[in-house]
Amino acid sequence: MHKCHLLAPLLYLFSLALQAQAPFAVLSGGPYAEDGVGVIRTGSSFQVATRTFDPAFGHRAEIRTVSNSGALLSVTPLSLPGQVFIQAMEPTLSGGAFIVGALIPADSVEQDALILKVDGNNALLWSLAPNLPAGQVLMDATVLADGSVVATGTTTGPDKHDALVMRVSSNGQLMWTTALPGALDEEGHGIASDATGVMITGRQMNFGGTSDCLFARFDLNGSLQWASSWGGSRDDVGRAIARTASGDFVMAGRSNSFGPYDHTSGTYYDQRYLIALTANGDTLWTRSVGDTIRDQGFNTIAIASNGELYLAGEHPTDGNVDALVTKTTSNGTPIWEHVYDLDDWDEPLDIRTLTDGAVVCGWSFSPLSRQVMVLRTDTQGN
């Protein structure tokens, strides 16, 4: 396995991005908090869904356009009432994107699930925040063949969370909502789809206080087909899921149950965790990767046309946390990994495959601010 580290100063990274088409690693933002929560390719540039905070305006959403070489071309605020907390982005079939998250109306203290649609020029086409009981937040979305979008997240009950699934038409009409039934506390973090249904992953809290990776499949009318969990004696969580060309699914997340024990510190460190399963819920293979030095985990996954997996997550180094991008074979065997050190804490949140590699977005935190991070890597990890 080839492993390399990028430790160049930030100014050099900006210079490199302006001079070369690929790869690049850049930051953008002001003095407060700004997170890149989703990225898609649109024409010759990238649209980056950005969650922002400013004391004068509160929590807002915007779209940043980034060039092929990493230059920031434009910043477009999305005009929505109340406080806005976007979480994920998914390309539409006709250009532009769906963005999901939550909205707190001006006259409320509870979050409403939010789905909105933008075109390829960053213009807001419509937004939907249905007034459902209690509070909800949507964490991920998948687009179906008819152009509608299905999103998953969490709804808050009287004494626990339930995994929420919601389908909305391409023109913004609510088609159905459903919550995963059961006595345990559950959250939906990632979703993927095929021609007959959707698969969600997330986390399920056990009565003993530990968590397992959650899986559930719903048909396209919102009926639950099956639900299960996978985990060990400690904490495991599914962060993202993607469908393979063969029709199976691969989950990416983190596990504290299936890694080595560090006898020196008496610690089990979190491992990067992958699970492949069929649409019927049968497990095909699992893989955990890590060490006895640091906590690690995957936040996001994308599958290339040749079946290889691109993943991104956390890699603590020397007291800081760096951004990790890795490529594996279709069965999770590592091919290469690349660690980016842009600032004190670098957190990838979304990855999207390209014909010549992948693009990643997230955030980087310094003592002065938290800025939007955008990375682009080629097929060899450069």
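Look up: the structure comes first, before these words.
Residues numbered from 1 in each chain as written. Predicted model: local features only at pLDDT ≥ 70, side-chain atom pairs only at ≥ 80, totals over all residues. Heavy atoms only, no water.

### Details of the pattern of salt bridges
Within this structure, the stated rule accounts for 17 salt bridges. Linking Arg167 and Asp146 is a salt bridge whose minimum nitrogen-to-oxygen distance equals 2.8 Å. Taken as a pair, Arg167 in strand β13 (residues 161-168) and Asp146 in the loop between β11 (136-143) and β12 (149-156) lie far apart in primary sequence, 21 residues in all. Here the salt bridges do not stand alone but share partners, grouping Glu34, Glu62 and Arg64 into one network. (Salt bridge = Lys/Arg side-chain N within 4 Å of Asp/Glu carboxyl O. Helix = DSSP H or I, 4+ residues; strand = E, 2+ residues; numbered from the N terminus.)

### Some details on the packing of aromatic side chains
A full pass over the atoms with the stated rule returns four aromatic pairs. Ring geometry for Tyr310 and Trp336: centres 6.2 Å apart, planes at 70°, overall edge-to-face. Of the two residues, Tyr310 sits in strand β26 (residues 309-317) while Trp336 sits in strand β28 (residues 334-340), which places them 26 residues apart along the sequence. Taking relative accessible area as the criterion, Tyr310 reaches 3% and is therefore assigned buried. Overall, the relative accessible area of 3% leaves Trp336 in the buried class. Each ring, one from Trp345 and one from Trp363, has its centre 6.3 Å from the other, and the planes form 25°; the classification is stacked. With Trp345 in strand β29 (residues 345-354) and Trp363 in strand β30 (residues 357-365), this residue pair connects regions lying 18 residues apart in the sequence. (Phe/Tyr/Trp six-rings, centres within 6.5 Å; stacked < 30°, edge-to-face > 60°. Buried < 20%, exposed > 50% of the residue type's maximum accessible area, 1.4 Å probe, protein only.)

### Brief notes about the sheet that holds strand β24 (residues 283-289)
With respect to topology, four strands assemble into an open sheet ordered β19-β20-β23-β24, the strand pairing being antiparallel. Every other strand in the sheet has two partners, leaving β19 (236-243) and β24 as the edge strands with one partner each. Mean inter-strand twist for the sheet, computed between neighbouring axes without regard to direction, equals 20°. Pairing between strand β20 (residues 249-255) and strand β23 (residues 271-277): seven bridges, direction antiparallel. Counted as the bridge partner of Val250 is Ala276 from β23. (Pairing = 2+ DSSP bridges. Axes fitted to C-alpha atoms, helices over the stretch in contact; angles between N-to-C directions.)

### Looking at the sheet that holds strand β16 (residues 197-205)
In spatial order, the strands read β15-β16-β17-β18; together these four strands make up an open sheet with antiparallel pairing. The open sheet has two edge strands with one neighbour each: β15 (186-193) and β18 (224-230). Recorded for the sheet is a direction-independent mean angle of 20° between the axes of neighbouring strands. The pairing of strand β17 (residues 211-219) with β18 spans six bridges and is classified as antiparallel. In the strand pairing of β18, Phe218 is matched with Leu224.

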